[in-house]
Amino acid sequence: MKFFKFFFLFTLFFITIVKCEQLLGEIEISNKNFAIDASVVDTKINYVLDDTIKTPKLVITSVKGDATNINDIITVSEDKSTVTFGDFSELSSSSKLIGFNWISISIISLLSIGLFSTITTTTTTTTTTTNKKSSILILVISFIGLSLMINGIQSISLSDVSVRIDIKVPSNYQFESFKLKLNTGSSNIVGLLANTIEIDGCSMVKDHSIAIGQLIVFSSLRICSTLDINIKNLELSPTNSISELKTTKNIDLQFSNGYSGSISIDSPSVVLEPGCTTTVSGQLTTGTCNGGSTSKLSISAGNSATIRNLAITCPIDNSWRVTPASSLPATTSPLIITTQPSTDFNFGKSNLVFMSQWNNVSLLNGPVGIENSFNISYLTWSPFSHWLVSKESSPTLKSGINYAFSLEFLLGEPLGEYNRISNMTIYFFNPKYITDPNGSSRYFTYSSKPPLYSKTFNGDFTSSSGFTKTSVTFSPTQDIGSAVFALQINRTTLSGDKVTSVSIKNMKVTIQSKPITTPTLLSKDSELLTLPRPSAALDPQDSSSCTYKQTDLVHWHNPSTWPSGFVPFPSSNIVLPEGKRVLISPCSISQTEVYKKITIPPTSELVFSDSPMTMNVQDIYVQGKLTMGTNTCRYNADINLVFHGNKTTTDTIAQYFGSKGIAVASGGFISVQGKQYHNTWTKLAATAWTGDYVVYVQDSINWEVGQQVLVTTSVYKDEINNQNEVMTIAAIQGKVIQFTQPLRYYHYGGQEYQAEVALLSRRIIFRGDGDGQEQTDSQSFGGHVLVNGEGQFSGIRLIRMGQTNIKARYPLHYHLAGTVKNSYISDCSVTNSYYRCYTIHGTNNASLVRNVAFDVRGHCYYLEDGVEVDNNIWFNFASYVHPIGRPAQGPSQTGEIFQQSDSLTQPADSAAGCYYITNAYNSLVGNAASGGWSGFAFPNLDKPIGNHRTIPIVPSQYPLKEFTGNTVHSSGYYFEEGGSIYVGGNLTFDESTQLLTYNSGRFSRATYFNGTKKEGNEMWMRFNNTKIYLSNRGVSHWGERVEVVGLESHDSIRPATLFGQAWLSNAIVNGQSGNIVSDQGENRQGFQFYDTYVQTILSNINFRNFIHDPNADNPESDNKVIISMTHSDVFKPQGISATKQITLTNVASSQVIGHRVVETGSSRYFNFIDWDSTLVPGRSAIGSPTLVGSHQNWWQFDATCSYNNDWLSWVCDKGDKEIASISVLVPGLIESGYTYMPENSYVGTASLFGNGITNRRSTNITRNAGITGVSNMGWYLWFSTGSPTYINIWVAQVIKNNYLFIAIPYPQNTQFSINCAYRWNNKFDYNFTLATSASEVRNGNGTRYYFDQTHLFIKAINLALTGGESFDRGGAKVYSVFWEFNIYIKASNGNIQPVNGFYTNVPDILPSGSL
């Protein structure tokens, strides 16, 4: 029963009270003389331009009241010229409403609810009978109410009716006359065009607010209102127009381009902008404007009248031009300061955390009204001391320089036994060795390693009545880079049995003022490399070539330009007149109204003046030309294009071209070219420290005061620890820049490498709408520029552009333009981008030159489908590039898989890089990349994607056309195998699901001339003159062929990880630079040799500054020059690694090789050849090859071999030996391929014999195939399971003129059938014949065998070799693994039966050392 009461009453109340807006109907407007009489009804009138319709119409919606049908309250005249609202006696059947109005019925409902509430609040003793009576009473009242609703009287009370009238008309529709007669309400009229307009808001003496914008009147305008009248952008006919505005309140009138005629204003307060000659008599102002004409303007305003933009600022004479902007800076630079001001680094509640061993508390707000203060409230019996630890990195500090620390202190209670402070200590900790202050734990721990610096001090910490200041000067004993600041507060006792508190304010570290002296400046940016730079000359200019000066242009603001005879409204769809070249000047357009759409037909051109202006616009569609500067007439004006519009996937520009931006159709042309600032980016010439106002750069620049500059990070993980800084220029002289604020972070400028300094500002700006505060547009829906024709862009800044996860909506974008002839993007700037920077899609022969980008979502410089070739990407810079969604990670080579979705439309954006190159056959010269998942990404595409899925090419088979002089840093750290240059990952399109899939892991590529796979077409991916620093893997290349020639690598975990036939040459690999925020050389590896089936040569490399780490977990993590890959027993190295011409600088002998000893085949068979013994110091035969093998004495093949305890490796003179590798395959025991047997699946041993060897020099054989050792030696193979009846020996790597002398034990009287075969050519198939001795076999041609009743002897030679099976680079050689020459051994014995294919209990006897 109770539920029924609630439900019924709620339903009744909902019916009577909740009445939503209701569409009453539509009326077509077919008469150009049109009037609305709404004098008896409240109305909200909106005049709306709607280009989806061809004929005007009224859309009438009931907002309040009883009307449910349009015919209830409206009549339309027979000629459809007048719509009248009224209280008619004949009503539609749907509106026979009750005599009680809605309010009356609501009262009935509320009475019912009130009675019900009274009943429900009675005591529990209320009887059931009473409840039943009350329920009946409620039902009666409700029934009466509903009956009244059903039966009511036969009329509508129009005083209670409110309607919304949407007057929808197509753009540029012109009424002959337009009249409104109004009651209460409001009117918002934008885009009305008529000969005569009359708006009567006075006759009914009702308040109706009137706001008008974009109004064109040819003959007569009359408006009367009891409220304010606001008109913006009024355009009157220059002759014979009559305008009368009347109100008892205020009038604010703004003309679009001045007014010419007489003026009469009756108002006690008049404000006239210039343009009129007037006289004043009392409150009457009369006169003429702009020379006068036959037009008349009469204004009566009871309070005030303000008339704006009266002057005709835009003459319509075709010869008139606005004064062009100057190329000179707006502000002359002051002199650079000579004394650096002091800088405070403040600490407070927002950037400190309270930490201790127990009783942790949160910091609280400080005393009321005390700025920069916070409170600490101690729990009872808290520890003697606690720490206030900064959540931000500390300022970098120089050794031997005085700094200050200060705070003001106040006890919360009078000084007593338990709140006495003994002293305080400031600390600077290495962040690796303390509890992370940004983590969840508040238990403070630090390692036994001493802090970077500490100082204990005393002060006055006794006052509870007022703050007392304590200041201490300190001087670090070493440079402090990456550090965490902490203050330890020490008490004399525990905190006691009562809660106590302290307050602290103005806690800070101060970098003190100092004179500025010019440091020693770098004369070059690299030690080894010569990185290319753009020409120092500015692009030549010729002002006489400026398009805006040409005489055949017509003015936008001239009504005669337009076929309609009037200047179109911003809210309309504007189409330039065919065959005309239209000039926009600042006064031609509204600087605040949003232009809905501008279309430039194929025969037309829109030209902007070189003068400051702002155009707010949604869409611009260029079928003809849009010109805002040219290559010889670059504009100097500050021109802003602001793109407006909410997120949509509807194509409002044109089909396939999206919304909110500029689209250039095929055959169209756009040229937007602003002042050239050169260089657009440079590098520091000296290190900049925390607190510095002045920096020194390497290149000449013409930047200006007030412009924004980016100083890039000098730390490794820039996305995690963002230390990029956007600064503003206060002064500039030559190569010296002073900022308005001090630098917060340290930016390295040593000889090894230097932080980039990039100019972000430009005079021409394209921006997405928003509030201007970083990436605050919650829709991530900025503007975009799409060029399907030809486009030239120079000197533009694009802010908040791009539309996240909407394909083809990028800041600057060549879209399916084919092979362009004259298209380029030069010295532009993209910042705070929602989606990419510069995109080349289905376009060839375009140039991207000298551009910069900062703070970007998704890949930045973006080659989209895999068909884009022959593009020039030169001297560009990108920084702070963010993956979209969760970044691709993974602890192994397999990476992670991402699939296309609404939140990740391009799944490779999970690994967003600064430069994303889907087809390598492009020219990349002199670029720089800071940050990103990778700096340069070369994903593998087996097929093109997107619009080019049917193009029959394999993009990943194309080699680099040119890659030289590029720099990359602070990237590659998300993925264990990631690199700053990452040639890997795989992007595919599934035809069945129509979705893209990206796998970030290991995918190899083979590259060929012209991308065509055939023998003889093999090409190497070649990276020339590359600089990498603060990187994970440097160049990470999964592929068949790669050359890295000319490399500087500094402060990287590894300079490169190279696969296939790989050559790294002419390089500096520096384990530790002078950069104090570069993590101080931990876990730096000069190079890691891979473990199987590659060919790697290192030549002409200087390894430097690999310093022993006493805390390293293993040799591989101890800053070694060469390390091995030792993780697997499945993957085993052959002879695949070599070095030559290696030099070592500041590298102890112990740090040359870091071999990790584990029970795996990759550890046992680690080896390489040092072809001139320059890497391996101390050899007697300098210049002769040295062979280095693993920890097992299996590698001790002669007397030249010695064991190096630091390296855990054997080192031998190579002599006539080579590395050899075979796979011994035994059915059921050792199978071919990757069988992934356990590491300890031992099945025997291989031992050296002969050559005078009498002791065991062995290695283990496991069930994973593969044995690697030294050629031209005896290899004795013994199997713990017994000697097999069948063996297949794949002679994988025994080079021409080399052999293996193999011995295998068998029972007496065993018979053998032995043959060899080459899989691809039977001319090398032989049956072995029996020799007379083991010596005969060893000295034979490899087709004989011998059995001495203890051992079977064969000589393993690859008879199919030609001698050319090697990879040769830099004077070193690595031989190839040869597929597939095999020796087959079948054993039988009539006296002994094998057990499961093995002869068991065969003695393990090492063959004679004299063989």
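Since the structure is predicted, the reported quantities are computational estimates derived from the model, not experimental observations.

Rules of the game
Residues numbered from 1 in each chain as written. Predicted model: local features only at pLDDT ≥ 70, side-chain atom pairs only at ≥ 80, totals over all residues. Heavy atoms only, no water. Helix = DSSP H or I, 4+ residues; strand = E, 2+ residues; numbered from the N terminus. Buried < 20%, exposed > 50% of the residue type's maximum accessible area, 1.4 Å probe, protein only. Contact = heavy atoms within 4.5 Å. Lys, Arg positive; Asp, Glu negative; His and termini not counted. Charge placed at Lys NZ, Arg CZ, Asp CG, Glu CD. Pairing = 2+ DSSP bridges. Axes fitted to C-alpha atoms, helices over the stretch in contact; angles between N-to-C directions. 1 Å grid on protein atoms, 1.4 Å probe; cavity = no way out; pocket = protein on both sides within 12 Å on 5 of 7 lines; lining within 4 Å. Points joined across faces, edges and corners; volume = space filled by probe spheres on them. Nonpolar A, V, L, I, M, F, W, Y, C, P; charged D, E, K, R; others polar. Phe/Tyr/Trp six-rings, centres within 6.5 Å; stacked < 30°, edge-to-face > 60°. Lys NZ or Arg CZ within 6 Å of the ring centre and 35° of its normal. Disulfide = S-S within 2.5 Å. Core = buried A, V, L, I, M, F, W, Y, C linked by side-chain atoms within 4.5 Å. Polar contact = N/O pair within 3.5 Å; in protein donor to acceptor, adjacent residues only side chain to side chain. Salt bridge = Lys/Arg side-chain N within 4 Å of Asp/Glu carboxyl O. pLDDT = per-residue confidence, 0-100. Patch = residues over 30% accessible without salt bridge, like charges linked within 9 Å, V, L, I, M, F, W, Y side chains within 5 Å. Areas by Shrake-Rupley, 256 points an atom, 1.4 Å probe, with all protein chains shown as cover.

**Student:** So what exactly am I meant to see when it comes to the overall build of the chain here?
**Tutor:** For the chain, the count of helices and strands is 6 helices and 102 strands. Dimensions along the principal axes, computed over C-alpha positions, put the chain at roughly 130 × 90 × 85 Å. By residue count, 59% of the 1411 residues in the chain fall in the buried class. Contacts in the chain between residues far apart in sequence, at least 24 positions, make up 73% of those at least 6 positions apart. Distance from the positive charge centre (100 side chains) to the negative charge centre (107 side chains) of the chain: 2 Å.

**Student:** What am I meant to see in the sheet that holds strand β29 (residues 453–457) here?
**Tutor:** Strands belonging to one sheet form pairs held by backbone hydrogen bonds; the direction of such a pair is parallel or antiparallel. Spatial strand order, β23-β26-β31-β28-β29: 5 strands in an open sheet with antiparallel pairing. Of all the strands in the sheet, the pair left with one neighbour each is β23 (352–355) and β29. Within the sheet, the average angular offset between the axes of one strand and its neighbour, ignoring direction, is 20°. In this sheet, strand β31 (residues 484–491) lies alongside strand β26 (residues 385–393) in antiparallel orientation, the contact comprising 6 bridges. Looking at the pairing, Val-389 lines up with Ala-486 of β31.

**Student:** Whenever I open this one, the layout of surface pockets confuses me. Can you help?
**Tutor:** Empty space among the atoms becomes apparent when a probe as large as a water molecule is rolled across them. Here the largest pocket defines a volume of roughly 1,200 Å³. Forming the walls of the largest pocket are 48 residues, and the residues nearest its centre are Asn-430, Pro-431, Lys-432, Ser-482 and Asp-1079. When the residues that make up the lining of the largest pocket are grouped by side-chain class, the tally is 19 nonpolar, 18 polar and 11 charged.

**Student:** Can you help me understand the sheet that holds strand β96 (residues 1329–1330) in this one?
**Tutor:** Strands sit in the order β88-β87-β90-β93-β98-β97-β96 across an open sheet of 7 strands; the sheet is mixed. Every other strand in the sheet has two partners, leaving β88 (1258–1262) and β96 as the edge strands with one partner each.

**Student:** Help me understand the packing of aromatic side chains in this model?
**Tutor:** Each pair of aromatic rings is reported with the distance of its centres and the angle of its planes. Under the counting rule described, the total for this entry stands at 72 aromatic pairs. Measuring from ring centre to ring centre gives 5.7 Å for Phe-444 and Tyr-446, while their planes differ by 50°; the resulting arrangement is tilted. By relative accessible area, Tyr-446 is classed as partly exposed at 44%. Clustering of aromatic rings is evident, with ring pairs tying together Phe-347, Tyr-403, Phe-405, Phe-428, Tyr-453, Phe-457, Phe-474 and Phe-485. The positively charged end of Lys-505 is found above the aromatic ring belonging to Phe-467, 4.9 Å away from the centroid.

**Student:** I would appreciate a short explanation of empty space enclosed by the protein in the present structure.
**Tutor:** Scanning all chains against the criterion turns up 8 cavities of 30 Å³ or more. Quantified by volume, the largest cavity comes out at close to 180 Å³. Looking at the largest cavity, it is lined by 18 residues, and the ones nearest its centre are Pro-532, Arg-533, Pro-534, Trp-681 and Gly-926. Per-element accounting of the lining of the largest cavity gives the leading share, 3 residues, to strand β44 (residues 681–683). Taken together, the residues of the lining of the largest cavity sort by class into 6 nonpolar, 7 polar and 5 charged.

**Student:** Would you take a moment to explain the state of the cysteines for this structure?
**Tutor:** Simply put, disulfide is the name for a covalent bond between the sulfur atoms of two cysteines. As enumerated under the stated definition, the model contains 6 disulfides in all. Across the disulfide, Cys-314 is cross-linked to Cys-587 (sulfur-sulfur distance 1.4 Å). Here Cys-314 and Cys-587 share a disulfide; its torsion about the S-S bond, 100°, makes the bridge right-handed. You can see Cys-314 sitting in the loop between β20 (304–308) and β21 (339–340) and its partner Cys-587 sitting in the loop between β36 (581–584) and β37 (594–600), a full 273 residues away along the chain. Accessibility expressed as a relative area gives 0% for Cys-314, which makes it buried. Residue Cys-546 pairs covalently with Cys-633 via a disulfide, S to S 1.9 Å. Judged by the sign of its S-S torsion, about 95°, the cystine formed by Cys-546 and Cys-633 is right-handed. With Cys-546 in the loop between β33 (514–515) and β34 (553–555) and Cys-633 in the loop between β40 (625–628) and β41 (639–643), this pair connects stretches of sequence that are 87 residues apart. In terms of burial, Cys-546 and Cys-633 fall into one category: buried. We note that Cys-828 lacks a disulfide partner, and the nearest cysteine sulfur, in Cys-837, lies 12 Å from it.

**Student:** In this structure, what is going on with the environment of Lys-391? I would like to understand it.
**Tutor:** Examined against the element boundaries, Lys-391 turns out to sit in strand β26. Lys-391 gets classed as partly exposed once you look at its relative accessible area, which sits at 32%. Along the backbone, Lys-391 and Gln-673 are 282 residues apart, and their C-alpha atoms lie at a distance of 44 Å.

**Student:** Which parts of the structure should I look at to understand the nonpolar core?
**Tutor:** In globular proteins that are soluble, nonpolar side chains generally tend to be buried together. Judged by nonpolar contacts, the single largest core of 110 residues is most densely connected at Trp-556, Phe-766, Phe-793 and Phe-938. Here this core gets 5 residues from one element, more than from any other, and that element is strand β39 (residues 613–622). Among all residues touching Phe-793, those that are not within four sequence positions of it are Ile-670, Val-672, Val-785, Val-787, Leu-812, Tyr-814, Tyr-824, Ile-825, Ser-826 and Cys-828. The next biggest cluster of nonpolar side chains, apart from the first, holds 66 residues, and it includes Trp-1194, Val-1270, Phe-1328 and Tyr-1345.

**Student:** What am I meant to see in the side chain of Lys-675 here?
**Tutor:** With respect to the element layout, Lys-675 can be found in the loop between β43 (669–673) and β44. The buried category is assigned to Lys-675, whose relative accessible area is 12%. A distance of 2.7 Å separates polar atoms of two side chains, one belonging to Lys-675 and the other to Glu-704. Apart from residues no more than four positions distant in its own chain, Lys-675 is found in contact with Ser-327, Arg-634, Tyr-635, Asn-636, Asn-702, Glu-704, Arg-763 and Gly-795.

**Student:** Would you mind going over the pattern of salt bridges with me for this structure?
**Tutor:** Side chains bearing opposite charge may pair, as long as their charged atoms lie close to each other. A full pass over the atoms with the stated rule returns 40 salt bridges. Residue Arg-1104 pairs with Glu-527 through a salt bridge whose shortest N-O separation is 2.7 Å. Of this pair, Arg-1104 sits in strand β78 (residues 1095–1106) while Glu-527 sits in the loop between β33 and β34, placing them 577 residues apart in sequence. Where Arg-581 meets Glu-605, a salt bridge forms, and the shortest distance between an N and an O atom there is 2.8 Å. Of the two residues, Arg-581 is situated in strand β36 and Glu-605 in strand β38 (residues 605–608); the sequence distance between them amounts to 24 residues. Note on accessibility: Arg-581 and Glu-605 belong to one class, buried.

**Student:** Can you help me understand the side chain of Asn-1070 in this one?
**Tutor:** Locating Asn-1070 in the fold gives a position in strand β76 (residues 1061–1070). For Asn-1070, a relative accessible area of 3% puts it in the buried group. Within the structure, the side chain of Asn-1070 is placed 3.1 Å from the side chain of His-1050, a separation counted as a polar contact. At 2.9 Å, the side chain of Asn-1070 forms a polar contact with the side chain of Asn-1105. Excluding residues within four positions of it along the chain, Asn-1070 makes contact with Glu-752, Ser-1049, His-1050, Asp-1051, Arg-1104, Asn-1105 and Phe-1106.

**Student:** Which parts of the structure should I look at to understand the confidence of the model for the chain?
**Tutor:** The predicted coordinates should not be examined in detail at positions where pLDDT is low. Averaged over every residue, the pLDDT of the chain is 92; the share at 70 or more is 93%. The low-confidence segment residues 1–18, where pLDDT is below 50, has 29 contacts with residues more than four positions distant or belonging to other chains. Overall, residues 115–130 carries pLDDT values under 50, and its contacts beyond four positions in sequence, including any with other chains, amount to 11 contacts.

**Student:** I'm lost on the pairing of strand β8 (residues 175–182) in this one. Help?
**Tutor:** Taken residue by residue, a regular strand's side chains alternate between the two faces of the sheet. As judged from the 6 bridges shared by strand β2 (residues 33–38) and β8, these two strands associate in the parallel manner. Opposite Ala-38, over in β8, you have Leu-182 as the bridge partner. The sheet contact formed by β8 and strand β10 (residues 193–201) spans 6 bridges and is parallel. Residue pairing for β10: Phe-178 is matched across the bridge by Ile-197.

**Student:** I would appreciate a short explanation of a nonpolar patch on the surface in the present structure.
**Tutor:** Side chains of Tyr-1093, Tyr-1234, Tyr-1236, Trp-1320 and Trp-1379 sit close together on the surface and give an oily, nonpolar patch of about 630 Å² of accessible area. Along the chain, Trp-1379 turns up in the loop between β100 (1372–1375) and β101 (1381–1388).

**Student:** Mind showing me how you'd approach the pairing of strand β49 (residues 756–759) here?
**Tutor:** Burial along β49 is two-sided: the residues Glu-756 and Ala-758 and Val-757 and Leu-759 are all buried. For β44 and β49, the ladder comprises 3 bridges, and the chain directions are antiparallel. Bridging across to β49, Thr-682 finds its partner in Val-757. Here strand β46 (residues 708–711) pairs with β49 via 3 bridges, running antiparallel. Pairing of Val-709 across the sheet is with Leu-759, part of β49.

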